Amino acid sequence: MSIQKTVPLSRIVQLGGKGAVKKMEIGGNAPVSIQTMWKEGISSVLKDSPLYRENALDSILNRLNLLSSLGCDLVRFAVPDMESAQALCLIQKHSEMPLVADIHFDYKLALVCLEGFVAKIRINPGNIGSKEKTKIVVKTCMEKGGAIRIGVNAGSFPKDIQLKVESGTMSRAEGLCETALRESEVLESLGFTNFCVSMKASSVQETIKANEIFAQQSSIPLHIGVTEAGPLIGGIVKSTIAFTHLLQKGIGNTIRVSLSDTPENEVITAREILYENGKRSGGVKIVSCPRCGRNGFDVHGFVSRWQTELLSMHKNITVAVMGCIVNGPGEGKHADIGITGAGDSVIIFKQGKIVRTIKADESIADTEIKLNNLHTCADTAFREELESL
Ligand code: SF4
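The notes below deal with the structure included here. (Residues numbered from 1 in each chain as written. Predicted model: local features only at pLDDT ≥ 70, side-chain atom pairs only at ≥ 80, totals over all residues. Heavy atoms only, no water.)

**Considerations on the site of the ligand**
Then, number 1: Around the ligand lies a shell formed by Cys289, Pro290, Arg291, Cys292, Arg294, Asn295, Gly323, Cys324 and Asn327.
Then, number 2: Across the shell around the ligand, the residue classes break down as four nonpolar, three polar and two charged. (Near = heavy atom within 4 Å. Nonpolar A, V, L, I, M, F, W, Y, C, P; charged D, E, K, R; others polar.)

Structure representation (structure tokens):
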């Protein structure tokens, strides 16, 4: 990858540090953080039955823990009404991970979240309604240690900028940047600097351009993302192109991959992009073959069964999953642990040396049942070897 011109370090946004919430920084020399967005409504944690409430809260907290072990630093929740704002305060009270309230229009929702020490709010001064309301939000942020993200996207330009974009006197990327700078000035004029900015478009090139222009003009930390990036594959491609381009120039302090898919897959994608761009290291790395006609082992099935668990482990190891003996141990010889098909058997190797051979149970006549049984035994053996690392 060619070395490209980088931009100066951004200033720092502080968040968390209240109650049980972890303290973290966005910007400056802080590692690029990963965020995702919760995809369901949360008001159910306030439903009548205490048992229902407890179960709903537990299930959200367990999933937040999983996202955190996959590498996620921040999770944003939509807060469309007062019930959701109160629910988010309850979740934040029990969660170490800093959470973000996504708020449009109603500044009172922001105040409730900030009072409940939700770490950050996404709100735009331009759509709160008046400077007085923005002042109240900023004052509460300062008192409670809350941070803000101004989130500008190509679908919500102020009228004058929209007209310039439509008439072609301003590009959409310039429009995004101009809108973000204008919103930022409102917060800065109130003496508030604990905020970051995002400018998102569904076009990769517009997203890149807008962030480049902004980074040349401002030291405000940038949350980068391609909005409405699409389904899994298309979304991964778009995000990878945009983020790699920006990260290699030192642009982007926190990233969100938007996919029409699970938050776990958004986090895994973001993490892989950061690893491959040299912005993160450590953790479990999975090397797996694409599988071909020589395979004696269901690589795809194994990877999909194990991916989330492996990537959420706190181990610095490489795991190789190969379809056959022809290339398996050879291709995976640098792995700490590997698993590969070998005719009717599955072998497990460590640092290139075979440590287990799991043979198919010949007493099982049905081929499919025999294969399933082999894979179950291989999973058990793999788990034992993995735990001993
Ligand atoms: S490891 Fe074996 S099964 Fe996998 S792609 Fe290579 S030759 Fe094919």
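**Overview of the sheet that holds strand β6 (residues 120–122)**
Then, number 1: Spatially, eight strands are ordered β8-β7-β6-β5-β4-β3-β10-β9 in an open sheet, and the strand pairing comes out parallel. What marks the edges here is a single partner per strand, and that holds for β8 (195–200) and β9 (223–224).
Then, number 2: Examined bridge by bridge, strand β5 (residues 99–102) and β6 share three bridges and lie parallel to one another. Note on β6: the bridge partner recorded for Val100 is Lys120.
Then, number 3: With respect to the sheet, helix α1 (residues 50–69) is in contact with β3 (33–37), β4 (74–78) and β5, its orientation differing from that of β4 by roughly 140°.
Then, number 4: Each of β8 and β9 touches helix α8 (residues 204–217); the most contacted strand, β8, lies at about 145° to it. (Pairing = 2+ DSSP bridges. Helix = DSSP H or I, 4+ residues; strand = E, 2+ residues; numbered from the N terminus. Contact = heavy atoms within 4.5 Å. Axes fitted to C-alpha atoms, helices over the stretch in contact; angles between N-to-C directions.)

**Examining the packing of helix α2 (residues 82–94) against helix α3 (residues 107–115)**
Then, number 1: Closest axis-to-axis distance for the α2/α3 pair is 9 Å, and the angle between their directions is 15°. Classified by the angle between their axes, α2 and α3 sit roughly parallel to one another. Classified by chirality, the crossing of α3 by α2 is right-handed. Together, Met82, Ala85, Gln86, Leu88 and Cys89 of α2 and Lys108, Leu109, Val112 and Cys113 of α3 make up the contact between the two elements.
Then, number 2: Residues of the contact of α2 with α3, tallied by class, amount to seven nonpolar, one polar and one charged. (Parallel < 35°, antiparallel > 145°, perpendicular 65-115°, else oblique. Left-handed = near helix turned anticlockwise from the far one by under 90°.)

**As for the pattern of salt bridges**
Then, number 1: Applying the stated rule across the entire model yields 22 salt bridges.
Then, number 2: Glu40 is the partner of Arg63 in a salt bridge, and the nearest nitrogen-oxygen pair spans 3.8 Å. You can see Arg63 sitting in helix α1 and its partner Glu40 sitting in the loop between β3 and α1, a full 23 residues away along the chain.
Then, number 3: Looking at Arg63, the relative accessible area reads 24%, which means it is partly exposed.
Then, number 4: The exposure class assigned to Glu40 is partly exposed, which follows from its relative accessible area of 46%.
Then, number 5: The salt bridge involving Arg256 is made with Glu266; its shortest N-O contact spans 3.1 Å. Separated by ten residues along the polypeptide, Arg256 in strand β10 (residues 254–256) and Glu266 in helix α10 (residues 263–276) bring together distant segments of the chain.
Then, number 6: Residue classification places Arg256 among the buried residues on the basis of a relative accessible area of 8%. (Salt bridge = Lys/Arg side-chain N within 4 Å of Asp/Glu carboxyl O. Buried < 20%, exposed > 50% of the residue type's maximum accessible area, 1.4 Å probe, protein only.)

Everything listed here is a matter of coordinates, which is why it stays silent on function.
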